[in-house]
Each structure stands twice: as structure tokens, then as C-alpha cells.
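What the coordinates show
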Amino acid sequence: MVILPAVFALALAGCQSYRAEPLVPAERFSAVEAERAAPSEASEEPAFTFPRAVELMAAHGPSLKEARAEYVSALARARVKTPAPNPALELGPEYGFGPGVGNLYRLQPFGSLGFTITTAGKRKKQDELNRILAAQLFVELQARHRELYLDLRRQYAGWILEQARVAAQAEIEVSAGKSLAVGQKLVDAGFASALDLGLLDLEAARLKAATLDARRSLADVEGTLSETLGVQAERFRKPDDRPLPDLPAQAPALADLRRILLDNHPGLARLRVQYEAAEAALRLEVARQYPDIHLGPSYAGETSEKKRMLGLTLGIELPIFDRNQQAIAEARTRREEIRIKYEAAANRALAALERASRNIGFAVEKLALIERVLRPKAAANLDLARKALDAAATETLPYLETERAQRAVAIEAVEAEYDVRRAWVELEQAVGFPLIVFPGETPAAWPAWNEDAPEGERK
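Nothing here was measured: the structure is a model prediction, and the numbers come from that model. (Residues numbered from 1 in each chain as written. Predicted model: local features only at pLDDT ≥ 70, side-chain atom pairs only at ≥ 80, totals over all residues. Heavy atoms only, no water.)

Within the protein chain, the regular secondary structure consists of ten helices and four strands. When the helices and strands of the protein chain are placed in sequence order, the string is α-α-α-α-β-β-α-α-α-α-β-β-α-α. Taken across its 459 residues, the protein chain has 35% of its residues classed as buried. Pairs at least 24 apart in sequence give 82% of the contacts found in the protein chain among residues at least 6 apart. Just so you have it, the protein chain exposes about 27000 Å², and 58% of that area is on carbon and sulfur atoms. (Helix = DSSP H or I, 4+ residues; strand = E, 2+ residues; numbered from the N terminus. Buried < 20%, exposed > 50% of the residue type's maximum accessible area, 1.4 Å probe, protein only. Contact = heavy atoms within 4.5 Å. Areas by Shrake-Rupley, 256 points an atom, 1.4 Å probe, with all protein chains shown as cover.)

Structure, rendered in C-alpha cells:
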């Protein structure tokens, strides 16, 4: 009976112990606050260029941290090979009774040790499935990084252009203040009425409200950037140089864009690795229809005499009724489901690509019209109206209409540039790959793309 404690001690020696790591909300919250507010290593926060935004997102971005944690969890399982089935140990007494059994041999020991030998390569196929599931989350990490990177380009351009909108609105507000001063002089000179001055004053107040709206929009953009990057908006220091890239005159050819899309679209990449996982799951379920072999030696004594017996059993479950039909059918239809989803996603991706490519042309044409025709014309009309107002040759209302038209054109110009840059970002998002280079950015910094886990992270 000394063997039983020894076997249990040997089995328990490899077991792992539990170590509690409680989540303390106050500590975690303080750590997050400290990370968001932590200054850079430099004595002064660097200018908030696009490469700096990318750097902050890679180091502090909450969405990237979540994706990495999910991948590491799957990788932990994939790194451990599927173990062989545990042997089964059975021990106990046999009690004999009847006239032929003497008291000396009434109780006899009985014991057996069973082993299971897996067939059809089940363990290898399970390891393969675990590896593909880890690779699936690795692709998810890369896809989310690529999506965040492309959306960061939109957010950053929006941040710069919202600042341009605030600056334009402030300039218009200053211009309205000058017009109000001119109107006061005209009233004093008797060339304008109090009503004219009241209209100018009302317009100046409306422009102040519009400036506040522009600043609120800028604060919204900064809040979104702060959420994406995981740092406080106070760390965003506007660069001195022009931080946005010059844009091409037209989009690349659709045939070239389709080739880029096929290799880089995050949604299609997710479905490709899901299909691989479905293939591996189907192979595993097919292998599970074949029964395992059970092998076990046994030891027993005869209760009627002083005799010991050793036995060896070899067993196998006969797959007559249950051949894992349900799981195989489900895995096979799951694979077909993902194939159909891939085709549907490809259809939607191509439609989005064609729409984004057309939108660039319209947005560029509108911006060119504003810059070549509307802005010069509005500026010339305002100059004429201001001269007429100074000379008391026109009334206040026509001047206000001219000034409003010039202001509307100035804001439309900012909006049009915003639309052009947004159209380019939408095209980049449609293909899943950057198409323009920001100042200070290098293509080597673009998120990597590999649909398999790195060699150093495989089991």
C-alpha cells in the first residue's frame, strides 16, 4: 500500500499553485491617471506632429493594449502542447464468501492501471488549432492597429483643420469689430443710422458665438484624440511647420487599389484567418470520430486460495452509433459560413473602394473651385463694399451681406480642404493601407502586416 501515496505525491508534484492578484480599483485608476498625465522624457513636450501621435498611440493607446492582452491570452495556451490523457489508477479490496472460502483469504487486493492511446493525430491537430487561434488574435491585433493608425490620420488632420477653422473664425470676428468701429464713425458723422449700427453690433455678437462653436468642435476633436492615444489633450502642442502633407491631384487607378485592398484590408484578413481556424477545427472533429485505444494492466488475488493474477486489457469503443456526426456537421457548415462571409465582405469592400475613389474627385474639384473662383471674387466684392461704406456710398445692410458672403467662403474653404483630406483617409481605410506620407513619417513606421504569429512567439 506504500505505492498509492507515492503515486499521488508524484502526480501532485507537477501541479501549480494559485496566487491571488486582486484588482484594486483605486490603484488602477491612479495608475491610469498618472500615465495619461505623464510628461515626456524631454524637458518640454515635443511638438504634436503626426509621428508623435503615432508614438503616443503605440505606447499608451487603450485599444491596442486590449488587443495585445487578448493575443497574449491565446498565445499562453498555444505555447503549451496538448498533454496526453492521464492514466487512471484503481485500487481496492475483493471480499470473498461462501463455504469454499477460508478466513485467511477472504479479503484480497485488487488494482488496475489504465492508459489511453489517442489515435488519428488528435493531439497534433489540437495543437495546430490552438496555434491558429493565437494567430487569429495576432491578426486581430494587427488589424486593429492598422485601423487605428488610419483613423488617427483622419483625427489628426481634423485637429489641424479645426484649429484653422478657429483661426479663420477669430480673424472674421476681428474684421467684424473693425466694421463696427467704422459704423460708429459713420453714425457720429450722420451718414448711418442707429439701426445700421445695431445690425453691425448684432453681427459681431453672432460671430463671437460662431467662434465659440468652432472652439467647442476643436475640443471635441481633442477629446477623441485623447481617447485614442491614452494621454491628456493638454500634451498636444501645435507644430510650427505645416504638419499636413500635400495631397496628390487624383487617386491611383482602381486596378492598383484593388490589388492593395486584397492584401491589406483588415476585415478580409480577419475572415481569412477565421477560415483557417474553421479548417483546423473541422480536421480535429473528423479525427475525433475515431475512438482511442485503452490499455491497462491489472492485479488481483483469488479469494479462495493463495494465488495472485496479473491481467492486461485492451479496449476500444466501437463507433457504431456515435461517430461525432453532430460536431463534424457543425464544423463543416461553420467553414462554409465563413467563406460566404468573406465573399460578402469582399463585395462590400469593393463597393466602398469605388465610392471613396469617386469622392476624391468631387472633393478636389470643389476645393479648386473655391480657391480659384469664389475666394478671389468674395475678397474683391468685400473690398469694394468696404470702400463704399467708408465713403458712405452704400448702406450697412448690403455691406453686411457682402461680408457674410466673404466669411462663408472662407469657412467653406476650410470645410472643402477637410472634405478632401477626409476623402483620402476614407480611401486609405477602404484599402487598409496608407497612400500618402505625412511630414516626418516614413513607410517603415506603418503598422506591420503578417497573418501568422512571429516565430519567437510560436509554441
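The structure having been displayed, the exposition proceeds.
As a further point, take the side chain of Glu 222. Of note, Glu 222 is situated in helix H6 (residues 194–229). Looking at Glu 222, its side chain comes within polar contact range of the side chain of Trp 159, at 3.1 Å. Those residues in contact with Glu 222, other than ones at most four positions away along the chain, are Trp 159, Ala 233 and Phe 236. (Polar contact = N/O pair within 3.5 Å; in protein donor to acceptor, adjacent residues only side chain to side chain.)

It is worth spelling out the nonpolar core at this point. Of all hydrophobic cores here, the largest spans 35 residues; its most connected members are Phe 48, Leu 152, Tyr 156, Trp 159 and Leu 229. Elements with a contribution of two residues or more to this core: helix H3 (50–60), helix H4 (62–78), helix H5 (122–189) and H6. The element best represented in this core is H5, accounting for twelve residues. Beyond its immediate stretch of four places on either side in the chain, Tyr 156 contacts Phe 48, Thr 49, Phe 50, Ala 53, Leu 225, Pro 239, Pro 243, Leu 244 and Phe 438. Membership of the second largest hydrophobic core comes to 27 residues, among which are Ala 363, Ala 423, Ala 430 and Val 431. (Core = buried A, V, L, I, M, F, W, Y, C linked by side-chain atoms within 4.5 Å.)

Our focus in this paragraph is the packing of aromatic side chains. This structure, assessed with the given rule, holds eleven aromatic pairs. Measuring from centroid to centroid gives 5.1 Å for Tyr 71 and Phe 138, while their planes differ by 45°, and the two rings are tilted. You can see Tyr 71 sitting in helix H4 and its partner Phe 138 sitting in helix H5, a full 67 residues away along the chain. By the ring-pair criterion, three or more aromatic residues cluster together here, those being Phe 48, Phe 50, Tyr 149, Tyr 156, Trp 159, Phe 236 and Phe 438. Across the ring face of Tyr 418, the terminal group of Arg 422 is positioned such that the distance to the ring centre comes to 4.6 Å. (Phe/Tyr/Trp six-rings, centres within 6.5 Å; stacked < 30°, edge-to-face > 60°. Lys NZ or Arg CZ within 6 Å of the ring centre and 35° of its normal.)

This next bit is on the pattern of salt bridges. In this structure the tally under the stated criterion is 24 salt bridges. Between Arg 144 and Glu 70 there is a salt bridge, with its nearest N and O atoms 3.6 Å apart. Here Arg 144 is found in helix H5, whereas its partner Glu 70 is found in helix H4, with 74 residues between them in sequence. With a shortest N-O distance of 3.1 Å, Glu 285 and Arg 288 are connected by a salt bridge. (Salt bridge = Lys/Arg side-chain N within 4 Å of Asp/Glu carboxyl O.)

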